[in-house]
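Breakdown of the fold
Letter by letter, the chains look like this.
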Amino acid sequence: MDDPYQNNINQQGETYPTYGGGEYTYPYQADYPPQEEEDAASDVTEGHDEDEQMYEGEYQGIPHPDEIKEARRAARREARMKARMAAEVEEETLPEQYESIMEDCGHGRFQWTLFTVLGLSLMADGVECFVVSFALPSAEKDMCLSNADKGMLGLIVYVGMMIGAVLWGSLADKLGRRQCLLYALAINCIFSFLSCFAQGYGIFIFLRLCSGIGIGGSVPIVYTYFAEFLQMDKRGEHLSWLCLFWMLGGLYASFTAWGIIPHYGWGFSMGTEFQFHSWRVFVLVCFLPSVAALAGLVFMPESPRFLLETARHDEAWMILKQVHDTNWRAKGEPERVFHVKIIETSNAVIVSFVLQKVMKNMLSLAAPDIRLHGLFIAIVWFTMAFSYYGLGAWFPDQIKYLQFEEYESNVKIFHREKVERFHFNFTLQNQVHKEGQYIHDRFINIEIRNVKFEESLFENCYFEDIRSTDTFFENCTLKNTVFYNTDLWEDSKFINCKLENTTFLHPKKGCHLNFQEENDILIYLVSFLGSLSVLPGNILACLLMDKIGRLKIIGGSMLGSAGCTFFVFLCFSQWAVVLFHCLFFAASAAAWNGIEVITVELYPASKRATAFGVLNGTCKLAAIISTFTFGKFIGITKIIPIILSLSALVCGGLLAFKLPETREVILQ
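For every chain, the first residue of the written sequence is number 1, and numbering continues from 1 onward in sequence order. A pLDDT threshold of at least 70 governs which residues receive local features in this predicted model, and a stricter bar of 80 or more applies before side-chain atom pairs are shown or counted, although totals over entire chains, interfaces and linings include all residues. Processing note: side-chain calculations cover all non-hydrogen atoms of the structure and skip hydrogens and water entirely.

This next bit is on the packing of helix α5 (residues 177-195) against helix α7 (residues 218-227). For the pair α5 and α7, the least separation of the axes is 10 Å and the interaxial angle reads 150°. Compared by their axis directions, α5 and α7 come out roughly antiparallel. By crossing handedness, the relation of α5 to α7 is classed as left-handed. Taking contact as the criterion, the partners of R177, R178, C180 and L181 in α5 are, on α7, S218, I221, V222, T224 and Y225. All residues other than Ala, Val, Leu, Ile, Met, Phe, Trp, Tyr, Cys, Pro, Asp, Glu, Lys and Arg, Gly among them, are scored as polar; the first ten of these are nonpolar and the last four charged. Considering only residue class, the contact of α5 with α7 consists of 5 nonpolar, 2 polar and 2 charged. The axes used here are C-alpha line fits, helices contributing only the stretch in contact, and every angle between their N-to-C directions lies in the interval 0 to 180 degrees. Numbering of helices and strands runs from the N terminus; a helix is a DSSP stretch of H or I covering at least four residues, while a strand is a stretch of E covering at least two. Angle categories: roughly parallel below 35 degrees, roughly antiparallel above 145, roughly perpendicular from 65 to 115, and oblique for all the rest. Crossings are assigned a handedness: left-handed for a near helix turned anticlockwise from the far helix by less than a right angle, right-handed for a clockwise turn. Residues count as neighbours in contact if any of their non-hydrogen atoms are within 4.5 Å of one another.

Structure follows, in C-alpha cells:
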C-alpha cells in the first residue's frame, strides 16, 4: 500500500506538510521524521494537480507517451535529413562509381563488337548525305526535273536529317539509346527501299524526307550510346576511331555510284510507265549499311547508364556483368569475378507523358549552369557545318561549271548549211545550226545532245526513235515532217516555231537517260578522293585526342581549314579545285572528331542525347543554309562563298578555345 504521507510543493518552491491522501489533506507536524528519498519520489505521484502530476509509470522506467511521440518525430526528421544527405552524396558519386565499374569491366571484345555495329550506323548516315547528290544527274533526266525541283531534292535530305536529329536525340534520353536507334534505322531502311521504286517526283521526295528523318537519329544516339560503354582514358581515342565510319560511308557511296550509275542498262523497264534504271540500283545498294546496322543492333544491350538513370538497377547490373564476362573471357581470364553487388542510385521516375518530358528536357538545356557553354558549342557546330557542307557542295558544282565552260568553248557552229536526202545515223553533240535547210532528210535511232537549231527549215523530214538532251528548235519552220517515238515534244522542245502539217506519233513518255555522262563520272571520282582525304585527319585526331586535348584539336583544325579555304582564291582550273577540295576535307576532319567527343562529355547522362540531337540539328540547318546560298553564286563569283566560309571557320576556331577541356572529366 502507498505511503499516505506526501510533500506538496508549490510554484514558489515552499513546502507545506500534509497528511492523508486522495481528495482531503490535513496538516501534519513539521517535525515529522523525513522519508527516505525513494519513498518520497513514489509518494509524489499521488494527490498531484493535473499540470504538476508526474507520469505514474516513470519510476518503473516506462517513458511518457508524449516523449515517445517526440522521439518518433525526431527519428523521422533525422531519417529525412540522412536521406537528403545520401541523395546528395549519390549524385556526386554515381559518375565515379560507374567509372570504376567500367574500369573493372575492361575494354575488349564487347566494345569492339558494339564499335562495329554503331560504326555501320554512322556509315549509313554518311551514305545518306551523298546518295541523292550522286543520283540527281540521272534522276533529273528520268523524272524531267526542273532546276527548282533539283534544288529541293538536294535540300530535302538535310531537312529530314535535321528533324530526325532533334526528335530521336530527345527521345533517346527517355526511351533508351538502343530502342530509339532501332526505330530510326528501321524507318530509314523502309523508306529508302521504297524510294528506289518511286516513279513520280512528289512521292520520291516524300520518301527521301522520311528516310532522312530516320537516319537523322544515327549521329546523336551513336556517340552517346558508345561513350557510355567506355572508361575515361579510352573515350576520346575510340570515339574518334568511330568517326572513320562516316568517311567509309562517303567512300562507299562514291565508289558504288562510280561503278553502277554509268551502266544505264543495269535495270529493267515495264513499258514507259515504270522504269528501274541504274541510278535506282545505286539507291537500293546504298541502304545496305543501314540494314546491316539494324541486324547487328538487335543483339546489342541497352546502355546501362541510361538504365541506372531510369532506376532499372537489375537490368543495368546484368548488362554490366555481361560486358565484364565477355571481355575477360576473351582475354583468357574466365574465372575473373564481377564484384559489384549493388549499384546505389537515386530512384528516378519514368514519366508516361514522353513528349511532355522531351520538351522539358530540351528546355532544360538553357539552364544557367550549362547555358553559356551550350551557346559556345552550338556556334562551333554551326560555323563548322556551314563551311564544311557549303564548300562540300560548292567544290563539285564549281568543277561542273568549269567543265561546262570548257564544253561551251568547243561548240561547233554551222551557218546556212543545206542538207538534202541525207540519212543521219550518228550522234549530234554540242552543236548550233543557224539558218540551215534540211530537205527530205531522215534522222533515225540517234542521240542528240546539246544541239540547238535556230531559224532553220525542215521540209519532208522524218525523225524516229530519237533520244535527246538539252536539244531545242527555236524560230524554225517545219513542213510535212513526222516525229515517231521521240522525246522531241511539241510543247517543250519547239520555241516560237511554225509547224505546218507536222505530226507527232507515239511520243516517248517521261525523260530518259540513254547515254553515259563522262562529266558525272569525274564528279564521282572527286567525291571519292574527298572522302578518302579525310583519313589522315581522322587518324591524327585519334592519336592526339587524349594527349593534347579536345580544344586544341578543334581550334587547330578549324583554323587550318580556314587557311585551305583562303587558297581557293588561286584555283582557276578543275584539278586545282580538286586539290584544295581534298586539302580542306583533310584539315577539317579532326575538328569534327573533337566537336563530337566534347559534345558527349559536356552534358550529363539525362540530357546527353537531347543536347547532341539539338546540336546535330543545328548542324543540318547550317548545311541547308550554306548549300542553298553557295549554289546561287556558281558561275557568278567565288569570292562570297570563300569569304563566308573563311569567316565562319576563324570565328568558330577561336571560340572553341573558350570551351571547357573535358579530357580528364568523368561522364556525368
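On to the state of the cysteines. Count a disulfide wherever a pair of cysteine sulfur atoms falls within 2.5 Å. Taken as a whole, this structure holds 0 disulfides when the rule is applied. Between C243, a free cysteine, and C542, which holds the nearest cysteine sulfur, the sulfur-to-sulfur gap is 7.0 Å. Residue classification places C243 among the buried positions, given a relative accessible area of 5%. Note on classification: 1.4 Å probe, protein chains only; a residue is buried when its accessible area is under 20% of the maximum for its type, exposed when over 50%, partly exposed between these limits.

Here the nonpolar core consists of buried residues drawn from Ala, Val, Leu, Ile, Met, Phe, Trp, Tyr and Cys, with membership extended through side-chain atoms lying within 4.5 Å. Grouped together as the largest cluster of nonpolar side chains are 145 residues, with contacts concentrated most on L118, Y223, L242, F282, L297 and Y389. Ignoring sequence-local partners within four residues, the contact set of Y223 consists of L122, L239, L242, C243, E596, V600 and F612.

Space inside and on the surface of the protein is sampled on a 1 Å grid over the protein atoms alone, with a cavity defined as a set of points where a 1.4 Å probe fits but cannot get out and a pocket as an open set with protein on both sides within 12 Å along at least 5 of 7 lines; lining residues have an atom within 4 Å of a point. Grid points are joined across faces, edges and corners, and a volume is the space filled by probe spheres set on the points. Overall, the coordinates contain 5 cavities of 30 Å³ or more when judged by the stated rule. Volume-wise, the largest cavity comes out at about 240 Å³. Those elements giving two or more residues to the lining of the largest cavity turn out to be α3 (109-142), α7, α9 (244-260), α15 (368-409), α17 (534-548), α19 (574-602) and α20 (608-631). Considering each element in turn, the lining of the largest cavity owes the most residues, 4 residues, to α19. Its residues placed into classes, the lining of the largest cavity shows 13 nonpolar, 3 polar and 3 charged.

Pairing between two strands is assigned when DSSP locates at least 2 bridges connecting them. Judged by pairing direction, the sheet is parallel, and its 5 strands sit side by side in the order β6-β9-β12-β16-β19 without closing on themselves. Among the strands making up the open sheet, the edge pair consists of β6 (418-420) and β19 (498-500). Each strand axis lies, on average, 5° off the axis of its neighbour in the sheet, ignoring direction. In this structure, strand β12 (residues 457-459) lies alongside strand β16 (residues 477-479), joined through 3 bridges in parallel fashion. For F458, the partnering residue across the bridge sits in β16 and is L478.

Spatial strand order, β7-β10-β13-β17-β20: 5 strands in an open sheet with parallel pairing. Edge strands, defined here as strands with exactly one partner in the open sheet, are β7 (423-424) and β20 (503-505).

A few words now on the side chain of T565. Relative to the elements of secondary structure, T565 occurs in helix α18 (residues 550-566). The residues contacting T565, other than those within four sequence positions of it, are L391, F584, I642, S645, L646 and L649.

A residue's pLDDT is the confidence the predictor assigns to it, expressed on a 0 to 100 scale. Counting all residues, the mean pLDDT for the protein chain is 79, and 81% of those residues have values of 70 or more. Taken element by element, the protein chain is modelled with least confidence in strand β1 (residues 7-9), mean pLDDT 42, and with most confidence in β12, mean pLDDT 94. Contacts from residues 1-53, a stretch scored under 50 in pLDDT, to residues over four places away or in other chains number 42 contacts. Low pLDDT, under 50, characterises residues 346-352; the predicted model gives this stretch 10 contacts beyond four residues in sequence or across chains.

As a further point, take the side chain of Q431. Along the chain, the position of Q431 falls in strand β8 (residues 428-434). Judged by relative accessible area, Q431 falls into the buried class, the value being 10%. Engagement of the side chain of Q431 in a polar contact is seen with the side chain of H433, the distance being 2.8 Å. Setting aside its immediate chain neighbours within four residues, Q431 contacts V411, K412, F414, N450, V451 and K452. Here a polar contact is recorded for every N or O atom pair within 3.5 Å, except that within protein the pair must consist of a potential hydrogen donor and a potential acceptor, and residues adjacent in sequence are included only if both atoms are side-chain atoms.

With that out of the way, let us pick up the packing of aromatic side chains. Remark: the centre distance and the inter-plane angle together describe each pair of aromatic rings, the angle taken between the planes. Any two rings among Phe, Tyr and Trp, with Trp reduced to its six-membered ring, count as a pair given centres within 6.5 Å; such a pair is stacked if its planes are under 30 degrees apart, edge-to-face if over 60, and tilted if neither. Taken as a whole and judged by the stated rule, the model has 47 aromatic pairs. Consider the rings of W112 and F115, whose centres lie 5.3 Å apart with planes at 80°: the pair is edge-to-face. Separated by 3 residues within a single helix, W112 and F115 lie in helix α3, roughly one turn from each other. Residue F115 is classed as buried on the basis of its relative accessible area, which comes to 10%. Residues F130 and F134 carry aromatic rings whose centres are separated by 5.7 Å and whose planes lie at 25° to one another, so their mutual orientation is stacked.

Here we come to the packing of α18 against helix α21 (residues 639-656). How two helices pack is summed up by the angle between their axes together with the distance between the axes. Running from N to C, α18 and α21 point in directions that differ by 160°, and their axes come no closer than 8 Å. On the basis of their axis angle, the class for α18 and α21 is roughly antiparallel. When the axes of α18 and α21 are compared, the crossing they make is left-handed. Along the contact surface, α18 presents L551, I554, G555, M558, L559, S561, A562, T565 and F566, while α21 presents I642, S645, L646, L649, V650, G652, G653, L654 and A656.

So, on to the pattern of salt bridges. Any two side chains of opposite charge can pair if their charged atoms end up close together. Criterion for a salt bridge: a side-chain nitrogen of Lys or Arg within 4 Å of a carboxyl oxygen of Asp or Glu. The full count for this structure, using the stated rule, is 19 salt bridges. Across the salt bridge formed by R208 and E128, the nearest N and O atoms sit 2.9 Å from each other. One end of the pair, R208, is in helix α6 (residues 201-215); the other, E128, is in helix α3, with 80 residues separating them in the sequence. Through salt bridges with shared partners, a single ionic network connects D173, R177, E228 and R608.

Take the pairing of strand β11 (residues 447-454) next. Here 6 bridges tie β8 to β11, and the two strands are oriented parallel to one another. Opposite Q429, over in β11, you have R449 as the bridge partner. Across 3 bridges, β11 lies against strand β14 (residues 467-469) in parallel orientation. Bridged to I448 within β14 is S468. Pairing of β11 with strand β15 (residues 472-474), which is carried by 3 bridges, proceeds in the parallel orientation. Opposite F453, over in β15, you have F473 as the bridge partner.

Turning to its location among the elements, F206 is positioned in helix α6. Accessibility expressed as a relative area gives 44% for F206, which makes it partly exposed. Counting along the chain gives 53 residues from F206 to L153, while the straight-line C-alpha distance between them is 9.6 Å.

Turning next to a nonpolar patch on the surface. Patch membership needs two things, relative accessible area over 30% and no salt bridge, and members are linked within 9 Å if like-charged or within 5 Å if nonpolar (Val, Leu, Ile, Met, Phe, Trp, Tyr). Per-residue and other accessible areas follow the Shrake-Rupley method at a 1.4 Å probe size, with only the shown protein chains counted as cover for residues. A cluster of nonpolar residues, I190, F193, L194 and F197, forms a patch on the protein surface that exposes about 340 Å² of accessible area. When you line up the elements, L194 lands in helix α5. For L194, a relative accessible area of 40% gives the class partly exposed.

The backbone phi angle of N430 is positive, close to 55°, even though this residue is not glycine. Among the secondary structure elements, N430 is positioned in strand β8. One non-glycine residue, N485, adopts positive backbone phi at about 55°. Along the polypeptide, N485 turns up in the loop between β17 (482-484) and β18 (494-495). Residue classification places N485 among the partly exposed residues on the basis of a relative accessible area of 27%.

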